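Structural features, examined
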Amino acid sequence: TSGLVQAIIFEVEDRELIGGSAYGGQRAICCTPDLAKLDACTQGEIIHRPSTTNPGFPYVLTTSFSLDKDMAILPSRSIEITKTGMYNLYFMICDPNLKDVVVEEGKTIWKNPTGYLPGRMAPLMNFYAFMSISFVILGIFWFSQYARFWKEVFPLQNCITLVITLGMFEMALWYFDYAEFNETGVRPTGTTVWAVTFGTVKRTVARLVILIVSMGYGVVRPTLGGLTSKVLMLGGTFFLTSEVLELVENVGAVSDISGKAILFLVLPVALLDAFFILWVFKSLSATLNKLQVA
């Protein structure tokens, strides 16, 4: 008249403790009739053995599901994890009578001792704090020299100033993004979007600066001439593809594990980066030849 729906929490290193097989056959997560006959487990439940290095784990949560009802609720539970590691939460339904049961809705909250950031994302907050301070120091030095020699500034140095400014905003926004995520457990969409946008603009401008310098702009030619539209078109395309990739990868993401769909977005960005590199080296070679002839 009733069956069990179980949730099991275990460390990745203990995954071999989940499941078993009878007479050397195929490994099963749920207890099979053959295994039940050997008194190795209880039929209709998850097969698991206690960890010798992590007492209390794997941790199993169980709720009873009556076949004459349409819904069962798993009560809220707080579980303390004392060993550092990567943990998985699986919902398992081993009773064949409950094969059509689905997990309708719910929420799990994972918190580390230092906050809500996932373990592999936590160092990024300190990294961006350090980078923000570094960019501020670089900016102070650069702007002081810029103000000192403002009459002798080249147009390219204005572009460098723009890149440094964008870098300062990007690092600060990423820090605030991770800091708020760590404090509340919810990633701030607005801050993430702005951080992604500033970063994408910075990378685009930096690539364009390198490209036009390799073409000899400000060295052997005062303007780019007919190449201006092509350079701007390449920069605009790179910005759009990079912006889409970064938005999909970061906005609302609370895990550092990328999905398969992102692989298709990485490809155009990688191809445009390769095109930038080839164009830079080709233009640099032509510029050096002009300088040698001169």
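Residues numbered from 1 in each chain as written. Predicted model: local features only at pLDDT ≥ 70, side-chain atom pairs only at ≥ 80, totals over all residues. Heavy atoms only, no water.

The name an unreviewed UniProt entry gives the chain is GOST seven transmembrane domain-containing protein, with Linum tenue as the organism. Checking UniProt for the chain, the heading Subcellular location (unreviewed entry) contains the comment "Membrane". (UniProt positions renumbered as here; feature names shortened; annotations may be inferred.)

**Looking at the nonpolar core**
Leu211, Met215, Val231, Leu234, Phe276 and Trp279 are the most contacted members of the largest nonpolar core, which has 16 residues in total. Elements represented by at least two residues in this core include exactly α4 (189–214), α5 (228–250) and α6 (261–293). The element that contributes the greatest number of residues to this core is α6, accounting for six residues. In contact with Leu211, other than residues within four places in its own chain, are Val231, Leu234, Phe276, Trp279, Val280 and Ser283. (Core = buried A, V, L, I, M, F, W, Y, C linked by side-chain atoms within 4.5 Å. Buried < 20%, exposed > 50% of the residue type's maximum accessible area, 1.4 Å probe, protein only. Helix = DSSP H or I, 4+ residues; strand = E, 2+ residues; numbered from the N terminus. Contact = heavy atoms within 4.5 Å.)

**Thoughts on the packing of helix α3 (residues 155–184) against α4**
Packing of α3 against α4 leaves a shortest axis separation of 8 Å and a crossing angle of 155°. In terms of axis orientation, α3 runs roughly antiparallel to α4. You can see that α3 and α4 cross each other, and the crossing is left-handed. Classifying every residue of the contact of α3 with α4 by side-chain character gives 20 nonpolar, four polar and five charged. (Axes fitted to C-alpha atoms, helices over the stretch in contact; angles between N-to-C directions. Parallel < 35°, antiparallel > 145°, perpendicular 65-115°, else oblique. Left-handed = near helix turned anticlockwise from the far one by under 90°. Nonpolar A, V, L, I, M, F, W, Y, C, P; charged D, E, K, R; others polar.)

**What to know about the state of the cysteines**
Should the sulfur atoms of two cysteines be covalently bonded, the bond is a disulfide. By the definition in use, this model includes one disulfide. Across the disulfide, Cys30 is cross-linked to Cys94 (sulfur-sulfur distance 2.1 Å). One quick way to see it: the torsion about the S-S bond of Cys30 and Cys94 is about -75°, and its sign makes the bridge left-handed. Of this pair, Cys30 sits in the loop between β1 (2–11) and α1 (33–37) while Cys94 sits in the loop between β3 (87–92) and α2 (122–148), placing them 64 residues apart in sequence. (Disulfide = S-S within 2.5 Å.)

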